[in-house]
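Summary of structural features
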Amino acid sequence: MGSNTVLTSDKRLKIGRMAGIIGIAVNFLLFVLKICVGIITGSVSVSADAINNLSDAMSSVFVLVGYVLAAKPADKEHPFGHARMEYLCGLFISVIITVLGIEMLRSAGGSLVDGGNYRGYSTVTIIVMVSTAGVKIALAIFYRILGKKIDSQSLRASAVDSFGDVAATAAVVLGMILTPHLGNCTDGVLGIIIGVYIVILGLKLVKESAGTLLGLAPDSELVNDVTAKIRQYDGILGIHDLVIHSYGEGRIFATVHVEVDCDTDPLVSHDLIDNIEADFLKNTGITLVIHMDPVCLSDPKTNSLRETVAQIVLDLSEEIGSNVSMHDFRVVWGVTHTNLIFDVAVSDEMPLTDDQLSTRIAEKIEAIDSSYNTVICVDRDYHSTRFGTER
């Protein structure tokens, strides 16, 4: 990676490590404070809230470990680096949260079966719980600011989790106030509510973390930014087949096909491609590999046929209600028949199979001239953004 990216990775490591250490300290102190209150009062909801803080402390440990491991440089076994360790640790955190939520449900359910274990609450206890909620609000804001600053999924998730803890603590305080009036079972009911909330939150985080590890479609803003930057260069006629892989924050690899005029000196076009790849690595940290597709623009007959086929593809796209775009159009003129060779890009929402789509396009082209023989390659998009029909 370029030097700018190394500096960014180093900065992310320092900020992530600091956030992890602070999170461990704050959440562990809150756990100790709340578990003491829970034991003194016999409140299962307070104890459940304390265990939630303990899980947050454990989560902060994984955040810390994740950032440290993610910063390790690439090696022989991991040529793309270790940045995805941040996502893997996020998955561990999500699983821990879910398991602890289930345990809270079990404990709260047992309290209901036993008829509750209310021992009364003092004003001091309520003040302590409200104060801890204030601390969690400050921690959540702290996580949110840092998460936005370094674009960290794990810190943003920690911020959401912390705000959720505030709601859980508020429910506990409410139980302290209502239990004397509604009965001992109130505490168990609120404990169940907290447990359900934590399980739902944990499962949501599991889904998000697993999705990131499996490979999500690139962000549309990133796709648009990459395509706009490439289009800025003189000599680029079209762009298609963009594929972006993320191996963690600051570790992005991309491949793309660009169209250039076939009449341009290939050495000039190759130099252009080299410059684009070097500029991307230097200015964005993205390792970009470009495949050059030469297209003929000097033959009016080919250009006219290209426009005709492009309109056929566009009309079919509107007819079936799914985006289809054409690129890499070439013509091999012959005496008895003419080969029209081109690619079409479709999304996963395409209702037709590749063969059905190719057949529909071929039939419309052959209706113009029966000597036209189509050779169509169907490409699948790996993002939702459409570039439109290329030249």
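My aim in this report is to walk through the structure given alongside it, one point at a time. (Residues numbered from 1 in each chain as written. Predicted model: local features only at pLDDT ≥ 70, side-chain atom pairs only at ≥ 80, totals over all residues. Heavy atoms only, no water.)

So, the overall build of the protein chain
To be explicit about the condition: Each helix is a run of DSSP H or I of at least 4 residues and each strand a run of E of at least 2, with the numbering of both proceeding from the N terminus. For the radius of gyration, the atom set is restricted to C-alpha positions; the globular benchmark scales as 2.2 Å times the number of residues to the power 0.38. Accessible area is worked out with a 1.4 Å probe on protein chains only. A residue is then buried under 20% of its type maximum, exposed over 50%, and partly exposed in between.
A count of helical and extended segments in the protein chain gives 10 helices and six strands. Relative to the globule expectation of 21 Å for 391 residues, the C-alpha radius of gyration of the protein chain, 29 Å, shows a markedly less compact shape. Here the C-alpha coordinates of the protein chain stretch approximately 95 × 45 × 30 Å along the principal axes. Within the protein chain, buried positions represent 45% of all 391 residues.

Considering the pairing of strand E6 (residues 372–380)
Inclusion rule: When DSSP finds two or more bridges between two strands, those strands count as paired. The path from the first strand over the helix to the second decides the hand: if it runs clockwise while the strands point away from the viewer, the crossover is right-handed.
In terms of strand pairing, strand E5 (residues 338–346) meets E6 through nine bridges, oriented parallel. What sits directly across from Ala345, in E6, is Asp379. Note on the crossover from E5 through helix H10 (residues 354–366) to E6: the handedness is right-handed.

Points about the side chain of Asp241
Stated precisely, the cut-off is as follows: Contacts between residues were defined by any pair of non-hydrogen atoms, one from each residue, lying within 4.5 Å.
Among the secondary structure elements, Asp241 is positioned in strand E1 (residues 238–246). Leave out the neighbours within four places in its chain, and Asp241 touches Thr255, Val256, His257, His327 and Asp379.

Points about the pattern of salt bridges
Opposite charge on two side chains permits pairing when their charged atoms draw close. Operational definition: We define a salt bridge as a contact between a side-chain nitrogen of Lys or Arg and a carboxyl oxygen of Asp or Glu at a distance within 4 Å.
In this structure the tally under the stated criterion is four salt bridges. The shortest N-O distance in the salt bridge between Asp56 and Lys136 comes to 3.1 Å. Separated by 80 residues along the polypeptide, Asp56 in helix H2 (residues 44–70) and Lys136 in helix H4 (residues 123–150) bring together distant segments of the chain. Look at Asp56 and you get buried, because its relative accessible area is 5%. We note a salt bridge from Arg360 to Glu319, for which the minimum N-O separation is 2.6 Å. Of the two residues, Arg360 sits in helix H10 while Glu319 sits in helix H9 (residues 300–320), which places them 41 residues apart along the sequence. Within this structure, Glu319, Arg360 and Lys364 form a network of salt bridges that share partners.

Here's the deal with the packing of aromatic side chains
Spelled out, the test is: Side-chain rings of Phe, Tyr and Trp (the six-membered ring for Trp) are treated as a pair once their centres are within 6.5 Å; stacked means planes under 30 degrees apart, edge-to-face means over 60, and tilted covers the remaining angles.
Evaluated as defined, the whole model comprises three aromatic pairs. Between Phe28 and Phe31, the ring centres sit 6.1 Å apart and the planes meet at 40 degrees, which makes this aromatic pair tilted. Taken together, the residues span about one helical turn, with Phe28 and Phe31 both in helix H1 (residues 3–41) at a distance of three residues. Exposure remark for Phe28: the relative accessible area of 43% places this residue in the partly exposed category.

Considerations on a nonpolar patch on the surface
Note the cut-off: Here a patch means residues that are over 30% exposed by relative accessible area and free of salt bridges, tied together within 9 Å if like-charged and within 5 Å if nonpolar (Val, Leu, Ile, Met, Phe, Trp, Tyr). In this description, accessible areas are obtained by the Shrake-Rupley approach with a 1.4 Å probe, and a residue is regarded as covered only by the protein chains that are shown.
A grouping of Ile137, Ile141, Ile145 and Phe163 is seen on the molecular surface, where their side chains present a nonpolar patch of about 330 Å² in accessible area. Tracing the sequence through the fold places Ile145 in helix H4. Overall, the relative accessible area of 54% leaves Ile145 in the exposed class.

A short note on unusual backbone geometry
Phi is positive for Asp241, close to 55 degrees, though the residue is something other than glycine. Given the relative accessible area of 19%, Asp241 is considered buried. In this structure, Asp328 is a non-glycine residue whose phi angle is positive, near 55 degrees. Within the element layout of this structure, Asp328 appears in strand E4 (residues 324–332). The exposure class assigned to Asp328 is buried, which follows from its relative accessible area of 9%.

A few points about the sheet that holds E1
Note the following rule: Helix axes are fitted only over the stretch in contact, all axes being lines through C-alpha atoms; the angle between N-to-C directions runs from 0 to 180 degrees.
Strand order in the open sheet formed by three strands is E1-E2-E3, and the pairing between neighbours is mixed. Two strands close off the open sheet at either side, each with one partner strand: E1 and strand E3 (287–295). Each adjacent strand pair in this sheet contributes to an overall mean axis angle of 15 degrees, direction not counted. Of the strand pairs in this sheet, strand E2 (residues 252–261) and E3 are connected by nine bridges, and their pairing is parallel. Bridge pairing in E3 links Asp261 to Val295. Its contacts with the sheet place helix H7 (residues 220–231) against E1, E2 and E3, and it is angled at close to 135 degrees to E1. Lying on the sheet, helix H8 (residues 266–284) is in contact with E2 and E3; it crosses E3 at an angle near 155 degrees.

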